[in-house]
Amino acid sequence: AEPKRIEDRPGAIVKLAKILKEKPAKLEKKLSGDRAFVYLKRKVDPATAEAVRALGITGISTLPEPKRFYTNVSLA
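Residues numbered from 1 in each chain as written. Predicted model: local features only at pLDDT ≥ 70, side-chain atom pairs only at ≥ 80, totals over all residues. Heavy atoms only, no water.

1. Observations regarding the pattern of salt bridges
Operational definition: Any Lys or Arg side-chain nitrogen found within 4 Å of a carboxyl oxygen on Asp or Glu counts as a salt bridge.
Within this structure, the stated rule accounts for 5 salt bridges. Salt bridges sharing common partners tie together Glu22, Lys26 and Lys41.

2. Some remarks on the packing of helix α1 (residues 9-20) against helix α2 (residues 24-31)
This is how it is decided: All axes are obtained by fitting lines to C-alpha atoms, using only the stretch in contact for helices, and the reported angles, taken between N-to-C directions, cover 0 to 180 degrees. Working definition: helices are DSSP H or I runs of at least four residues, strands are E runs of at least two. Numbering for both runs from the N terminus. When an angle is under 35 degrees it counts as roughly parallel; over 145 it counts as roughly antiparallel; between 65 and 115 it counts as roughly perpendicular; any other value is oblique. When the near helix sits turned anticlockwise from the far one by under a right angle, the crossing is termed left-handed; a clockwise turn instead gives a right-handed crossing. Contacts: residue pairs with any heavy atoms within 4.5 Å of one another. Three classes are used, and their members are as follows: Ala, Val, Leu, Ile, Met, Phe, Trp, Tyr, Cys and Pro are nonpolar, Asp, Glu, Lys and Arg are charged, and the others, Gly among them, are polar.
Orientation of α1 relative to α2, taken along the N-to-C sense of each, is 125°, at an axis distance of 9 Å. As judged from the angle between their axes, α1 and α2 are oblique. The chirality of how α1 crosses α2 is right-handed. Side by side, α1 and α2 meet where Arg9, Ile13, Leu16, Ala17 and Leu20 of the first sit next to Pro24, Leu27, Glu28 and Leu31 of the second. A class-by-class count of the residues in the contact of α1 with α2 yields 7 nonpolar, no polar and 2 charged.

What follows is the structure, given as structure tokens:
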């Protein structure tokens, strides 16, 4: 999130809290700082990411995050 670009912060917090399954107070704390960028929640499933994008809130976006898969974990 880019907190300074969010126009309706209280409305955005309510909508995001439902989708991200977070407490509104936690999101408010993250968005009220003076940082230019902040993660609201990381490593969400694709459906949750799509729901966030569908809101169309300016200043809120999703970023792909790579994840490693070890196919032969117990080998060696």
